[in-house]
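Topology and contacts: notes
This is what each chain is made of:
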Amino acid sequence: MTHSTSLRNREQFETCIGIIRQASIEILLLLDVRVSEGKDPRWFLEQLENARQSLGGWGAVAQRLKLNDAELTQFTMQLRHLQQLVPQYESGQDVSENQLIAALRFVAALEHLRLQQPLLTYPTSTETVNGEAQLKGLSQLRALELMISGLVYAAWPDGVKLRNHLKTQFGQDRVRRWLKLGERNDVLSGMLFSELALMLVDKKEFSRHYASLFNDSSVLTLFADPRKTLQTLLNDIRQIRNTLTAQKPLSAIQLTMLDTYYPQIAAPVQRAFNEGRTTVNPASLLTTDVDELNAFKARTVKKAGAGGDIFEVGEDIERPERRAVRSPEQRIRLVSGILWGAVGVMVLAIIGGGVMLINSTPPARAVSEPPAQAQVLTNTQNEQDTPTSRMQLTRMGITWDESNLRSAIDRNDTRIAQLFLKGGMDWKLSWTEQALSAGNDEVLTLLLRYQRQMVEPRPCRRFTATLSHAMLNGEKLTGQRKDYLRAFCTRSAVVERQRYETEQAKIRNKAQPDESTRQWLAIQTAIYNVIR
C-alpha cells in the first residue's frame, strides 16, 4: 500500500468513526440509553445489548428503530464485524483496506437506518458530492456490469450453449424475460444485476470458471473466502444501484464505497488481462461519455422497475422446481377439507335415507329416524365446540400471528409456543438464533418435536453463517446447536457445501497463517464434523 493510499484510507476511516460515534448517541437515546459521548464500535455493540435486555428483546429494538428482523440482523452483524476488525482505534494509527470497507459498510447501514427512522438526524456524508463524482460513480457501475458480462461470455463463448445453460439454471420463463428486456443477441443485458452477479459468485460457477482469475491475496480478503467477499461487495453494489432506479443521486458514502470496491473487484481481472489469461480489459470499460452513461442509467431503471432489484446476491443458483411442495399447514387444510367433505356426503346420505323411509314405511315407524340424524349432527357440533389451540390463544388475548410465536421462542415460553405449534403454525430455523445464544433449552427442545413444521427453504446457509460468527465472538458449539445441525443440516448438498467452506478455510490459513484464519478454520471444521 502506497503512502498516499494509506493516508487516504486513514482520513476516510476517521471520518467514518466520527459518524459512527455521533450516530450511536442518537440511536441509544432512542432506545432509552443515555450516554454523554460515543466511543468505539465494541462499546456501541455492548450498549445495544444492554438496550435489548432492558426493552425485552431484539423485537422491541427493531420496533423502536423501524427496522424489520432481517434489517436489524444485518445492522448488528455489520457492527460485530467492524468491532472484530477494529476493537479500539486511536487517531493516527494505520488503517487497512478491510477495516475501511467494514467501516464504510456500517456507515451505509446507519444511512439506511436514518431513512427508516425520521427521529434520527445524524449526518453520514464523508465528503462533498458534485456532478463529476456522480458521473464517475455511474461509470464504475457500468464498468462492473460490463466486466461481469464479459467474464460470463468468456466462460461460455457459444451463445446457444449459454442460453441452454441459463434455462437449466434459472428456467425458461426468466430467460424469455431477459431476451425481451435485453439487447438483440445479448441475453445477459436483460438480467437484473443480482442475477448477473449470481452467475459469477455461484459456488459451482465460480470454482469452475472464475476462481483462478480472482486468486489474488492482496484483494478480496474482507472474509476468509474470496468468493464470499466478492459476493458481499456485489450485494452492496446492488443496493447502490437501487438508488439509481429510484431516480435519486448517489450519496457521498455510496460513492466512497464504489471508489473502494472497484479496485478490489477489477484489479485481479486487470492483472489476468495483462498476463493474457482473459480477454476482458476493465480499464477500457471505464472509458465512456455522458450519453452512454445516461443510456446505461435508463436501461438499469427499465430492467429493475420502480421497486428496484430486491433480490440479494445469493451463494447458489436455485433451480426452479416443477411443483411447489405443500407446507404442513397446507397439507392439514387439504386433509381437513377432504374429511369435512366426507362428513357432508354422509349427512346427505342419512337425509336421503330418511326421506326414502318416510315414503316407504308407515308414519309410526318413520319417527325413529330423525333422532339418529340429530344425534350425528349433535356429535359433530360437540366436536366443533371443543377448545382448539387457536381458541385458547384467543381467550388469552394472543393473536394468531407468527411474531407472537417468535416472541415466545425468544423468551423461552414453552406454553405459548406449544399452543402455536399444536395449532399447526409453521416455524423457521432462523427464529432460533436468539434462543440458541441465550440457552433457552426448553423451547428449543419443544421445537425439535415439531420438526416437520419447520418450513424455511434452505435454512442451513443462514444458520451456519450465524453460528460461525457467534462462535467467532466467543460462543460455544453447544449440544443444542449440534442437535439442530444434525436435525436440519445433514443433507448431502449442505454437507458438501460445508466441506467446501472447510477446504477454503484450510487454503486461506495455509496462505496467511494468523490467529483469525486459524480460528475460522477451527470453526468450519467443528461444524463439518457435526453434520458429515
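Everything below is about the structure shown above.
Now for a look at the structure at hand. Note that the coordinates shown come from a computational prediction; the quantities given were computed from them, not determined experimentally.

A tally of regular secondary structure across the protein gives 26 helices and zero strands. Put simply, the protein has 532 residues, and 46% of those count as buried. Residue pairs at least 24 apart in sequence account for 72% of intrachain contacts in the protein once pairs closer than 6 positions are excluded.

With that settled, consider the packing of helix H5 (residues 97-116) against helix H12 (residues 252-274). Across the interface, H5 lies against H12 with an axial gap of 10 Å and an inter-helix angle of 145 degrees. The interaxial crossing formed by H5 with H12 has left-handed handedness. Counting all contacts with H5, which are made through Glu97, Leu100, Ile101, Leu104, Arg105, Val107, Ala108 and Glu111, the residues of H12 involved are Ile253, Gln254, Thr256, Met257, Thr260, Tyr261 and Gln264. Taken together, the residues of the contact of H5 with H12 sort by class into eight nonpolar, four polar and three charged.

What follows covers the packing of aromatic side chains. Applying the stated criterion across every chain, the model contains eight aromatic pairs. Measuring from ring centre to ring centre gives 5.1 Å for Phe170 and Trp178, while their planes differ by 75 degrees; the resulting arrangement is edge-to-face. Judged by relative accessible area, Phe170 falls into the buried class, the value being 4%. Overall, the relative accessible area of 0% leaves Trp178 in the buried class.

A few words now on the state of the cysteines. Put plainly, two cysteines are in a disulfide when a covalent bond ties their sulfur atoms together. Counted under the stated rule, the structure contains one disulfide. Each sulfur in the disulfide pair Cys460 and Cys489 lies 2.2 Å from the other. On the sign convention where negative means left-handed, the S-S torsion of about -105 degrees between Cys460 and Cys489 marks this disulfide as left-handed. With Cys460 in helix H23 (residues 460-472) and Cys489 in the loop between helix H24 (479-488) and helix H25 (492-511), this residue pair connects regions lying 29 residues apart in the sequence. Given the relative accessible area of 2%, Cys460 is considered buried. Residue Cys489 is classed as buried on the basis of its relative accessible area of 0%.

Note on placement: His165 falls in helix H7 (residues 159-170). Given the relative accessible area of 13%, His165 is considered buried. Look past the residues within four positions of His165 in its chain and what remains in contact with it is Trp156, Met199 and Glu205.

This part is about empty space enclosed by the protein. Applying the stated rule across the entire model yields one cavity of 30 Å³ or more. Secondary-structure elements contributing two or more residues to the lining of the largest cavity are helix H11 (226-245) and helix H14 (290-304). Considering each element in turn, the lining of the largest cavity owes the most residues, four residues, to H11. Class assignment for the residues of the lining of the largest cavity results in three nonpolar, three polar and four charged.

Working note: α-helix, 3.6 residues per turn, so residues spaced by three or four point in the same direction. All of the buried residues along H24 are Gln480, Arg481, Tyr484, Leu485 and Phe488. Looking straight down H24, one finds that the buried residues subtend no more than 140 degrees of arc, so they occupy a single side. Where H24 is buried, its residues contact helix H21 (433-438), helix H22 (441-448), H23 and helix H26 (515-531).

Mapping Asp316 onto the fold places it in the loop between H14 and helix H15 (328-360). Asp316 sits 117 residues away from Met199 along the chain, and the two C-alpha atoms are 8.9 Å apart. With residues near it in sequence (within four places) discarded, Asp316 still touches Leu198, Asp202, Lys203, Arg461 and Arg497. Reaching out from Asp316, the side chain makes a polar contact with the side chain of Arg461 at a distance of 3.3 Å.

A separate point is the pattern of salt bridges. If you walk through the whole model with that rule in mind, you get 28 salt bridges. With a closest N to O distance of 3.0 Å, Glu145 and Arg241 form a salt bridge. A residue pair is termed long-range when its members are at least 10 positions apart, and Glu145 in helix H6 (residues 131-155) and Arg241 in helix H11 qualify at 96 residues. Judged by its relative accessible area of 5%, Arg241 falls in the buried class. Because the salt bridges share partners, they merge into one network encompassing Lys203, Lys228, Glu315 and Glu501.

Quick look at unusual backbone geometry now. One non-glycine residue, Asp32, lies in the positive phi region at around 65 degrees. Inspection of the secondary structure assignment puts Asp32 in the loop between helix H1 (3-30) and helix H2 (41-55). Relative accessible area serves as the criterion here: at 46%, Asp32 is assigned to the partly exposed category.

The next point concerns the nonpolar core. Ranked by internal contacts, the top residues of the largest apolar core, which has 95 residues, are Ile27, Leu166, Phe214 and Leu234. Discounting chain neighbours no more than four positions away, the residues touching Ile27 are Phe44, Leu48, Leu65, Phe75, Leu110, Leu113, Leu120 and Tyr122. The next biggest cluster of nonpolar side chains, apart from the first, holds 39 residues, and it includes Phe420, Trp431, Leu477 and Val530.

Remark: H25 packs on H26, axes separated minimally by 9 Å, with the N-to-C direction vectors making an angle of 155 degrees. Looking at the two axes, H25 sits roughly antiparallel to H26. For the crossing formed where H25 meets H26, the hand is left-handed. Across the interface between the two elements, Val494, Val495, Gln498, Arg499, Glu501, Thr502, Ala505, Lys506, Arg508 and Asn509 of H25 pack against Thr517, Arg518, Trp520, Leu521, Gln524, Thr525, Ile527, Tyr528 and Ile531 of H26. A per-class count over the contact of H25 with H26 returns eight nonpolar, six polar and five charged.

With that settled, consider helix H4 (residues 69-85). Here H4 contains 17 residues, and its C-alpha end-to-end distance of 25 Å stays within 8% of the 24 Å for a straight helix at 1.5 Å per residue. Among all positions of H4, only Leu72, Thr73, Phe75, Thr76, Gln78, Leu79, His81, Leu82 and Gln83 are buried. Put simply, Asn68 is the residue that caps the front of H4, since its side-chain oxygen is 2.7 Å from the backbone nitrogen of Glu71.

Secondary-structure assignment places Phe44 in helix H2. Spatially, the C-alpha atoms of Phe44 and Arg80 are 9.7 Å apart, while their sequence positions differ by 36 residues. If we ignore the near neighbours within four places in the chain, the residues touching Phe44 are Ile20, Ser24, Ile27, Leu28, Leu79 and Phe106.

A separate point is the side chain of Gln264. Checked against the element boundaries, Gln264 lands in helix H12. On the basis of relative accessibility, which here comes to 5%, the residue Gln264 falls in the buried class. For Gln264, the side chain forms a polar contact with the main-chain nitrogen of Leu220, separated by 2.8 Å. Non-local contacts of Gln264, meaning those with residues more than four positions away in its chain, are made with Glu97, Ile101, Val219, Leu220, Thr221 and Leu233.

How each quantity is defined
Residues numbered from 1 in each chain as written. Predicted model: local features only at pLDDT ≥ 70, side-chain atom pairs only at ≥ 80, totals over all residues. Heavy atoms only, no water. Helix = DSSP H or I, 4+ residues; strand = E, 2+ residues; numbered from the N terminus. Buried < 20%, exposed > 50% of the residue type's maximum accessible area, 1.4 Å probe, protein only. Contact = heavy atoms within 4.5 Å. Axes fitted to C-alpha atoms, helices over the stretch in contact; angles between N-to-C directions. Left-handed = near helix turned anticlockwise from the far one by under 90°. Nonpolar A, V, L, I, M, F, W, Y, C, P; charged D, E, K, R; others polar. Phe/Tyr/Trp six-rings, centres within 6.5 Å; stacked < 30°, edge-to-face > 60°. Disulfide = S-S within 2.5 Å. 1 Å grid on protein atoms, 1.4 Å probe; cavity = no way out; pocket = protein on both sides within 12 Å on 5 of 7 lines; lining within 4 Å. Points joined across faces, edges and corners; volume = space filled by probe spheres on them. Arc of directions from axis to C-beta. Polar contact = N/O pair within 3.5 Å; in protein donor to acceptor, adjacent residues only side chain to side chain. Salt bridge = Lys/Arg side-chain N within 4 Å of Asp/Glu carboxyl O. Core = buried A, V, L, I, M, F, W, Y, C linked by side-chain atoms within 4.5 Å. Parallel < 35°, antiparallel > 145°, perpendicular 65-115°, else oblique. Expected span 1.5 Å × (residues − 1).

Purely geometric stuff here, so don't read any function into it on its own.
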